[in-house]
Amino acid sequence: MDTKTTHIYKDNPAVAAAFAEWLVDWLKGRQRTTIALSGGSTPKLLFQLLAENYANQIDWSGIHLFWGDERCVAPNHADSNYGMTKALLLDHIDIPANNVHRIRGEEAPAAEAQRYGQEIQSVVSAVDGRPAFDLILLGMGGDGHTASIFPHEMHLLEEKEICGVATHPESGQNRITINGPIINHAYLISFLVTGSSKAEKVKIILEKQAGYEAFPAAHVHPKDGITHWFMDEAAAALLS
Ligand code: 6PG
């Protein structure tokens with residue numbers, strides 16, 4: 001049974017504030033936590049908020065940060081999800097360097113996908129023989145993609161490899177992504193989706209309207225079956 005729990009707030013700042021509170025509460029009492037972060041622009045406010053208001057409220061020593069996907073660029077490139085996260089969050093919190101597991105976007109894609117999969121396997125605790133993240137944070141593109149699983153590469157939802165190489169449909173930019181089976185093997189998944197450009201796909205996916213299966217974000221359902229959708233009113237505007 002795939003339960004989707006929606007959390008809807010006025011605007012992106014309110015979504016970031018609510019998710020930060022939810023995250024801090026969820027982390028309470030946890031000794032060791034593995035989290036895969038989303039990239040793109042939506043999480044920027046959340047990362048800034050965590051850095052400004054929660055840097056000392058979270059014990060980062062027990063948290064291992066990964067990325068759900070990364071653009072195949074150097075870490076100091078404007079497109080780098082790691083570079084963005086470093087500037088907004090990592091440089092402002094006391095997290096051990098060994099707890100930050102970046103995808104090396106500067107490396108050859110296929111080799112890095114394999115290497116990163118091995119890194120995940122060596123750090124993330126296994127359930128039924130496969131790495132199970134405690135939490136995966138995901139965004140959704142206006143085309144219904146999530147992580148870097150795009151509608152033209154649906155096979156990445158089923159690949160047995162932990163990570164795969166994706167290609168952005170417009171730019172052709174290579175991406176490394178965690179593949180669907182590992183995303184869905186996580187204990188907890190939360191989408192962070194804001195803005196009116198996402199509203200149409202949010203409606204189609206959450207209400208399972210005709211054709212919803214064509215969108216990768218529709219195929220996300222973690223092991224214990226709960227997927228949280230943190231959204232602003234603009235992204236949720238078309239929901240019944
Ligand atoms: C990335 C992301 C991607 C993102 C969506 C939404 O590397 O871009 O991981 O899946 O979450 O494309 O992007 P925005 O937050 O910029 O709308």
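Predicted, not measured: the structure shown is a model, and the values here were computed from it.

Draft legend 1. Highlighting the confidence of the model for the chain. Looking at the chain, the pLDDT average stands at 97 and 100% of residues meet or exceed 70. The secondary structure element of the chain with the lowest average pLDDT is strand S1 (residues 3–9), at 94, and the one with the highest is strand S3 (residues 63–67), at 99.

Draft legend 2. Summary view of the pairing of strand S8 (residues 163–167). Bridge analysis of S8 against strand S9 (residues 174–178) gives five bridges, and the strand direction is antiparallel. Note on S9: the bridge partner recorded for Val165 is Ile176. In sequence, S8 turns back onto S9 through a hairpin of six residues, with Gly172 there showing a positive phi of about 75°.

Draft legend 3. Just the packing of aromatic side chains, in detail. According to the stated counting rule, one finds nine aromatic pairs in the structure shown. Between Phe19 and Trp22 the ring centres are 5.2 Å apart and the planes differ by 35°, which places this aromatic pair in the tilted class. In this pair, Phe19 and Trp22 both sit in helix H1 (residues 12–27), three residues apart, roughly one turn of the helix. Seen in terms of ring centroids, Phe19 and Phe230 are 5.0 Å apart; in terms of plane orientation they differ by 85°. Their pairing is edge-to-face. Of this pair, Phe19 sits in helix H1 while Phe230 sits in strand S11 (residues 226–232), placing them 211 residues apart in sequence. Here Phe19 matches Phe230 in class, with each residue buried. Cluster of aromatic residues (ring-pair linked, three or more members): Tyr9, Phe19, Trp22, Trp26 and Phe230.

Draft legend 4. Highlighting the site of the ligand. Close to the ligand lie 15 residues; Ser41, Thr42, Asp69, Ala147 and Lys198 are nearest. At 2.7 Å, a side-chain N or O of Ser41 approaches an oxygen atom of the ligand. Side-chain polar atom of Thr42 to an oxygen atom of the ligand: 2.6 Å apart, as the coordinates give it. Its free accessible area being 410 Å², the ligand has 88% of it covered by the protein chains.

Draft legend 5. Representation of the pattern of salt bridges within the structure. A complete count under the given rule lists eleven salt bridges for this structure. The closest approach of N and O atoms between Lys160 and Glu161, which form a salt bridge, is 2.8 Å. Overall, the relative accessible area of 73% leaves Lys160 in the exposed class. Residue classification places Glu161 among the partly exposed residues on the basis of a relative accessible area of 42%. Residues Glu207 and Lys203 are paired through a salt bridge, measuring 2.7 Å at the closest nitrogen-oxygen approach. Owing to a relative accessible area of 18%, Lys203 belongs among the buried residues under this scheme.

Conventions and cut-offs
Residues numbered from 1 in each chain as written. Predicted model: local features only at pLDDT ≥ 70, side-chain atom pairs only at ≥ 80, totals over all residues. Heavy atoms only, no water. pLDDT = per-residue confidence, 0-100. Helix = DSSP H or I, 4+ residues; strand = E, 2+ residues; numbered from the N terminus. Pairing = 2+ DSSP bridges. Phe/Tyr/Trp six-rings, centres within 6.5 Å; stacked < 30°, edge-to-face > 60°. Buried < 20%, exposed > 50% of the residue type's maximum accessible area, 1.4 Å probe, protein only. Near = heavy atom within 4 Å. Polar contact = N/O pair within 3.5 Å; in protein donor to acceptor, adjacent residues only side chain to side chain. Areas by Shrake-Rupley, 256 points an atom, 1.4 Å probe, with all protein chains shown as cover. Salt bridge = Lys/Arg side-chain N within 4 Å of Asp/Glu carboxyl O.

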